[in-house]
Amino acid sequence: MASIYQRMKSRLTSTKDSFKDKLNHAMYYHELDDDFFEELEESLILADMGIDTSVAIVDKLKERIKEEKIKTTDGVLDLLESIMTEMVTIKEPLMFTPVVIMVVGVNGVGKTTTIAKLAQRYVDWGEKVMVAAADTFRAAAVEQLEEWANRVGVEIIKSNAGADPSSVVFDAIHAAKARNVDILICDTAGRLHNKVNLMNELSKLTRIIDREGADFSKHNLLVLDATTGQNALIQARTFNEAVHLDGIIMTKMDGTAKGGVVIPIISELQIPVEFVGIGEKPEDLVEFDARSFVHYALRRQR
């Protein structure tokens, strides 16, 4: 069976090819002059790394080039990989069971199917898993999660459409305690009347989980659609303000040239990308290796 890294590589060709093409334009300038650095900065921005991160990378590169007395672009790729790897190398929080995982994200990012994939992964690991259908506002959200729960073979705690999400989470936590559940995964609303209402609702759910789930550790995951590029970074900032995020899952990484956005997300917010979605099957939710991602994005296929 192919390793996780090999499977991730095989599905991220759009991101890799897009970035490599842009980088090649910069590397066309053999001299390390202003034209080279301007072209490199533009290449990073076009690879969806954002202005701030791109400027930071180029500034650090200039410093390293000066320190190591490099005169041509020949050694630049190694320095660039080193700098970007440092930016995505952060300490990841450990997750201890029993745990309540609150999954947040806007509608349309694949949140519900991602929850199903997570549940399947943990069941395969031998954990006792339960899901809570606390997205009671989106039409058919409860039914969709219930269908997935039945497929995966995990218990679901639900209520009627339009019910108070906090009551669903409250009931789920107490059910999880009574049934010795290892992992409780809570779906949440992805849209309300406005952003303020949504964030207030998520903050309320956090308080319920903290109060009722004193015996559980907590792990908050944000699901982002990689195809939205810099929009994903904006969403990550907003959700992190409302609920302290422990990790991020990037969906649709197999079909986008905008995967470079993971660099500023990790670097700016200091939040790890824990998994990436590279397909529709449960096994297509794979652990993300940031260092390998940087290496693969910069190097030609061997």
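See the structure shown above.
Just so it is clear, the structure is predicted and the values come from calculations on it, not from any experiment.

Draft legend 1. Highlighting the pattern of salt bridges. Applying the stated rule across the entire model yields 12 salt bridges. Note that E155 is salt-bridged to R179, the shortest N-O span being 2.1 Å. Residue E155 is found in strand β3 (residues 155–157), and its partner R179 is found in the loop between α8 (165–178) and β4 (183–187); the two are separated by 24 residues along the sequence. What emerges from the salt-bridge pattern is a single network uniting K111, D135, R138 and D187.

Draft legend 2. Spotlight on the packing of aromatic side chains. Scanning all chains against the criterion turns up three aromatic pairs. Measuring from centroid to centroid gives 5.1 Å for F36 and F37, while their planes differ by 70 degrees, and the two rings are edge-to-face. As far as the burial class goes, F36 and F37 line up, both buried. Ring geometry for F288 and F293: centres 5.3 Å apart, planes at 55 degrees, overall tilted. For F288, a relative accessible area of 9% gives the class buried.

Draft legend 3. Quick look at unusual backbone geometry. Cis geometry marks the peptide bond from T97 to P98; its omega dihedral reads 0 degrees. Within the secondary structure, P98 is located in the loop between α5 (76–88) and β1 (99–104). If you check the backbone angles, N180 has positive phi at about 55 degrees while not being a glycine. As for its position among the elements, N180 is in the loop between α8 and β4. Phi is positive for Q270, which is not a glycine, with a value near 55 degrees. Its location among the elements puts Q270 in the loop between α11 (262–269) and β7 (273–277).

Draft legend 4. α11, seen in detail. When you tally the buried positions in α11, you get six out of eight residues, the bulk of the element. Looking only at α11, the buried set comprises V262, I263, P264, I265, I266 and L269. Directly after α11, the chain includes Q270, whose backbone phi takes a positive value near 55 degrees.

Draft legend 5. View of the pairing of strand β2 (residues 129–133). β2 sits mainly inside the fold: five of its five residues count as buried. Side chains V129, V131 and A133 of β2 all project onto a buried face; the interleaved residues M130 and A132 project onto the opposite face, where all are buried too. Sheet topology places β2 next to β4; five bridges connect them, and they run parallel. Bridge pairing links M130 to L184 in β4. The pairing of β2 with β3 spans three bridges and is classified as parallel. If you follow V131 over to β3, its bridge partner there is I156. Following the backbone out of β2, through helix α7 (residues 141–152) and into the adjacent parallel β3, one traces a crossover that is right-handed.

Draft legend 6. Examining a negative patch on the surface more closely. Negative charge collects at one region of the surface, where E31, D33, D34, D35 and E38 lie side by side. Along the polypeptide, D33 turns up in the loop between α2 (13–27) and α3 (34–49). You can call D33 partly exposed: its relative accessible area is 32%.

Draft legend 7. A look at the pairing of strand β5 (residues 217–225). Of all nine residues that make up β5, seven are buried, and the element is covered over most of its length. As paired elements, β5 and strand β6 (residues 247–251) share five bridges and run parallel to each other. In the strand pairing of β6, L221 is matched with G247. In this region the chain leaves β5, passes through helix α10 (residues 230–242) and returns to the parallel neighbour β6; the handedness of that crossover is right-handed.

Reading guide: rules and limits
Residues numbered from 1 in each chain as written. Predicted model: local features only at pLDDT ≥ 70, side-chain atom pairs only at ≥ 80, totals over all residues. Heavy atoms only, no water. Salt bridge = Lys/Arg side-chain N within 4 Å of Asp/Glu carboxyl O. Helix = DSSP H or I, 4+ residues; strand = E, 2+ residues; numbered from the N terminus. Phe/Tyr/Trp six-rings, centres within 6.5 Å; stacked < 30°, edge-to-face > 60°. Buried < 20%, exposed > 50% of the residue type's maximum accessible area, 1.4 Å probe, protein only. Pairing = 2+ DSSP bridges. Right-handed = clockwise from strand over helix to strand, strands pointing away. Patch = residues over 30% accessible without salt bridge, like charges linked within 9 Å, V, L, I, M, F, W, Y side chains within 5 Å. Areas by Shrake-Rupley, 256 points an atom, 1.4 Å probe, with all protein chains shown as cover. Lys, Arg positive; Asp, Glu negative; His and termini not counted. Charge placed at Lys NZ, Arg CZ, Asp CG, Glu CD.

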